[in-house]
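Structure assessment
The primary structure of each chain is shown beneath.
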Amino acid sequence: MTLAVGSTVRMRDGAGKKNPFTCKAIVATVSGDNTVSLVRDDLAPVPLGRVGNFIVAPLFNSVGLSVEECESSIDDLMELLPFEDISGNEVSDSLSTAEKVELYKSRGDQLLRLNDYTCAAAYYEAALSFIASISIGGTCIARKNGDAVIADVDCIDDDQYDVTFTSQNGEEEETTIPLKDILCSIWCKDEAYLQPRC
């Protein structure tokens, strides 16, 4: 692997610990003694380009505000996966929604196998974003009295959603909830069960 100052690499962290992980870091300096000074990314996940907010993963207020300088052996560094550069994250418009979901999910799986939980979460969220649009007549999972329950979307007005909850005994309850109380939509065209696998 060729190391250049300013390049992004994946570093192993927590070697010898019970749960080691990997994360992205930027090369700051390269020493002749097999060590590299790095600036490590914040460990909070960051949404990919097309996703403004996460659907499932928590969004941290400190994203991008904290970086950590550290040193690592060259042996503990890896190149990024081919799709992780800027051009590799572009997805062809010719792909179907199911193909886009599967593509981002498989990228998240590859990152998860490398123990890069931060980057994997961003790719899983991107996969969900293709199938998580909330529309009138659609079904969603929303918060109700601290529980996650299924609701039908009846009307959308700004950030207020008129929904109908159906209880286990079949009784319906109509109410208005804010967008922040909608956890995710349920994709009705999910014959391949992609959404539960994300």
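Just so we're clear, the structure is a prediction, and the values are computed from it rather than from any experiment.

Turning our attention to the sheet that holds strand 8 (residues 160-166). Strand order in the open sheet formed by five strands is 9-8-7-6-10, and the pairing between neighbours is antiparallel. On the outer flanks of this sheet lie strand 9 (172-178) and strand 10 (182-186), each paired with one strand and no other. For this sheet the average axis-to-axis angle between neighbouring strands, irrespective of direction, equals 40 degrees. In terms of strand pairing, strand 6 (residues 139-144) meets strand 7 (residues 147-157) through six bridges, oriented antiparallel. Paired with threonine 139 across the strands is aspartate 152, a residue of strand 7.

For the rest of this paragraph, the subject is the pattern of salt bridges. Going through the model one piece at a time under the given rule, you end up with nine salt bridges. Note that arginine 10 is salt-bridged to aspartate 116, the shortest N-O span being 2.9 Å. Of the two residues, arginine 10 sits in strand 1 (residues 8-13) while aspartate 116 sits in the loop between helix 1 (97-113) and helix 2 (117-129), which places them 106 residues apart along the sequence. Note that lysine 144 is salt-bridged to glutamate 173, the shortest N-O span being 2.7 Å. Taken together, the residues lysine 144 in strand 6 and glutamate 173 in strand 9 connect sequence positions 29 residues apart. Glutamate 173 sits in the partly exposed class, given a relative accessible area of 37%.

Moving on to the packing of aromatic side chains. Evaluation of the coordinates by the stated rule reveals two aromatic pairs. Summarising the aromatic geometry, the rings of phenylalanine 83 and tyrosine 123 are spaced 5.3 Å apart at their centres and angled 80 degrees between planes, so their arrangement reads as edge-to-face. Taken together, the residues phenylalanine 83 in the loop between strand 5 (77-78) and helix 1 and tyrosine 123 in helix 2 connect sequence positions 40 residues apart. Judged by its relative accessible area of 8%, phenylalanine 83 is buried. Overall, the relative accessible area of 3% leaves tyrosine 123 in the buried class. Taking NZ or CZ as reference, arginine 107 lies 5.8 Å from the ring centre of tyrosine 104, over its face.

Moving on to unusual backbone geometry. Unlike most non-glycine residues, asparagine 34 shows phi in positive territory, near 75 degrees. Here asparagine 34 lies in the loop between strand 2 (21-30) and strand 3 (35-40). When its relative accessible area of 35% is taken as the criterion, asparagine 34 is described as partly exposed. A positive phi angle, near 55 degrees, is found at asparagine 145, a position not held by glycine. With respect to the helices and strands, the residue asparagine 145 is situated in the loop between strand 6 and strand 7.

For the rest of this paragraph, the subject is the packing of helix 1 against helix 2. Between helix 1 and helix 2, the least distance of the axes is 8 Å, while the angle of their chain directions is 170 degrees. Classified by the angle their axes make, helix 1 and helix 2 are roughly antiparallel. Along the contact surface, helix 1 presents Val101, Tyr104, Lys105, Arg107, Gly108, Asp109, Leu111 and Leu112, while helix 2 presents Tyr117, Cys119, Ala120, Tyr123, Tyr124, Ala126 and Ala127. For the contact of helix 1 with helix 2, the per-class residue count stands at 11 nonpolar, one polar and three charged.

About the thresholds
- Just so you know, the residues in each chain are numbered from 1, in the order the chain's sequence is written.
- Local features in this predicted model are restricted to residues whose pLDDT is 70 or higher, and side-chain atom pairs enter the listing and the counts only when it is 80 or higher, whereas totals over whole chains, interfaces and linings include all residues.
- Only hydrogens and water are removed before side-chain values are computed, so all heavy atoms of the structure are retained for them.
- Two strands qualify as a pair provided DSSP detects at least 2 bridges between them.
- Think of it this way: any DSSP run of H or I at least four residues long counts as a helix, any run of E at least two long counts as a strand, and we number them from the N terminus.
- In this description, a line fitted to the C-alpha atoms serves as the axis of each element, helices being fitted only across the stretch in contact, and the angle between N-to-C directions of two axes falls anywhere from 0 to 180 degrees.
- The term salt bridge refers to a pairing of a side-chain nitrogen on Lys or Arg with a carboxyl oxygen on Asp or Glu at a separation within 4 Å.
- Accessibility here uses a 1.4 Å probe with only protein chains present; expressed as a share of the type maximum, an area under 20% marks a residue as buried, one over 50% as exposed, and anything in between as partly exposed.
- Working definition: a ring pair exists when centres of Phe, Tyr or Trp rings (six-membered ring for Trp) sit within 6.5 Å. Plane angles under 30 degrees give stacked, over 60 give edge-to-face, the rest tilted.
- In our convention, an over-ring charge means Lys NZ or Arg CZ found within 6 Å of a ring centre and within 35 degrees of that ring's normal.
- Every angle not falling under 35 degrees, over 145, or within 65 to 115 is termed oblique; those three ranges are roughly parallel, roughly antiparallel and roughly perpendicular.
- Contacts were defined at the residue level, with two residues in contact if any of their heavy atoms lie within 4.5 Å.
- Residues are sorted three ways: Asp, Glu, Lys and Arg are charged, Ala, Val, Leu, Ile, Met, Phe, Trp, Tyr, Cys and Pro are nonpolar, and all the rest, Gly among them, are polar.

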